[in-house]
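# Close look at the chain arrangement
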Amino acid sequence: MASAKILTRRAAILAGFGGAGALLWNVNSLTLSPSFAHVFHAVEDWTRISQRTLLSPGQLAREYSPADISPTFKPNGTINPGGDDYNGHVAQNFANWRLKIDGMVSRPLSLSVADLRRLPSRTQITKHDCVEGWTAIGMWQGVQLGLLLKAAGVAMGARYAVFHCADNLDGEPQKGGIQSPGQYYESIDLNDAFHPQTIIAYNFNGKTLDVPHGAPLRLRVERQLGYKHAKYLQRIELTDSFAHIAGGQGGYWEDRGYEWYAGA
Ligand SMILES: Nc1nc2c(c(=O)[nH]1)N[C@H]1C(S)=C(S)[C@@H](COP(=O)(O)O)O[C@H]1N2
Ligand SMILES: [Mo]
């Protein structure tokens, strides 16, 4: 059913591609209108998504029922980034927090939590596995990352989404999403980025996401282990390589020896 829907949409986009191609031929050296550019980027997205996701949709992580939700869900790692900047955002209820999406995208975005809450959301009840030896089942609600990436227009050649967080485990002040030593970060490939259960969560167990669990925004990437689920998200950077970021291994814990692909 779902795949029939996707295929219909794919056929529709493919039909649109023919039209856009003809238009491109006609306008030749003329400046592209924004609406045309939009169609063009949609086609770029389609090519990538069809290759990486539609043709190999991958498995869904198991989803549970409300009765399975754990009475306590241990907060782990950083449980409060602290510092003047983050504390200021807490005091303002994160009204001025921004999630930036930049790097290899055609339209960099800067979104407030309210912007995200206005978009369609996904709710999922999943099991979280921490390598320290505990698990917990929780309910997460947020925006599918794939939707945000489609809005930003992933550029040709991009391969990874890198998540820059507000907490610095060396206690250094944060720099608004600019990576610095000791700052938590993570990365996933575009296959996981466009996976339907990969969401930027703002609610946890039916309430606004709290500080210990990553307020105001955290990643859920349900087919992978706990440390991939970056909390306190400030910036998502699309890139073709993470070799130049921090220790070059794609994440705070990866730089300290953990696996980059952490299948749960
Ligand atoms: N920014 C940030 N994200 C993070 C961590 C962290 O220390 N900082 N810890 C990771 C680890 S090891 C786990 S198990 C989960 C814990 O999520 P929780 O606090 O909601 O239980 O967050 C992950 N994401
Ligand atoms: Mo963890």
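Residues numbered from 1 in each chain as written. Chains lettered and ligands numbered in written order. Predicted model: local features only at pLDDT ≥ 70, side-chain atom pairs only at ≥ 80, totals over all residues. Heavy atoms only, no water.

The next point concerns the side chain of Thr239. For Thr239, the location among the structural elements is in strand β10 (residues 233–239). Exposure remark for Thr239: the relative accessible area of 4% places this residue in the buried category. At 2.7 Å, the side chain of Thr239 forms a polar contact with the backbone oxygen of Ser241. (Helix = DSSP H or I, 4+ residues; strand = E, 2+ residues; numbered from the N terminus. Buried < 20%, exposed > 50% of the residue type's maximum accessible area, 1.4 Å probe, protein only. Polar contact = N/O pair within 3.5 Å; in protein donor to acceptor, adjacent residues only side chain to side chain.)

Here we come to the side chain of Asp192. Mapped onto the elements, Asp192 comes out in helix α6 (residues 190–193). Residue classification places Asp192 among the buried residues on the basis of a relative accessible area of 3%. Filtering out sequence-adjacent residues up to four positions away, Asp192 remains in contact with Thr198, Val221, Arg223, Gln224 and Tyr261. (Contact = heavy atoms within 4.5 Å.)

Turning our eyes to something else, we now look at the pattern of salt bridges. On inspection of all chains with the given rule, the structure shows eight salt bridges. For Asp102, the salt bridge is made with Arg235, and the minimal N-O distance between the two is 3.1 Å. Placement of Asp102 in strand β1 (residues 99–103) and of Arg235 in strand β10 is noted, with a sequence separation of 133 residues between them. The residue Arg223 makes a salt bridge to Asp192 at a minimum N-O spacing of 2.7 Å. In this pair, Arg223 sits in the loop between β9 (218–221) and β10 while Asp192 sits in helix α6, placing the two residues 31 residues apart along the sequence. (Salt bridge = Lys/Arg side-chain N within 4 Å of Asp/Glu carboxyl O.)

Between Ala215 and the following residue, Pro216, the backbone shows a cis peptide bond with an omega angle of 0°. Within the secondary structure layout, Pro216 lies in the loop between β8 (207–208) and β9. Although it is not a glycine, Asn205 sits at a positive phi angle of roughly 50°. Checked against the element boundaries, Asn205 lands in the loop between β7 (198–204) and β8.

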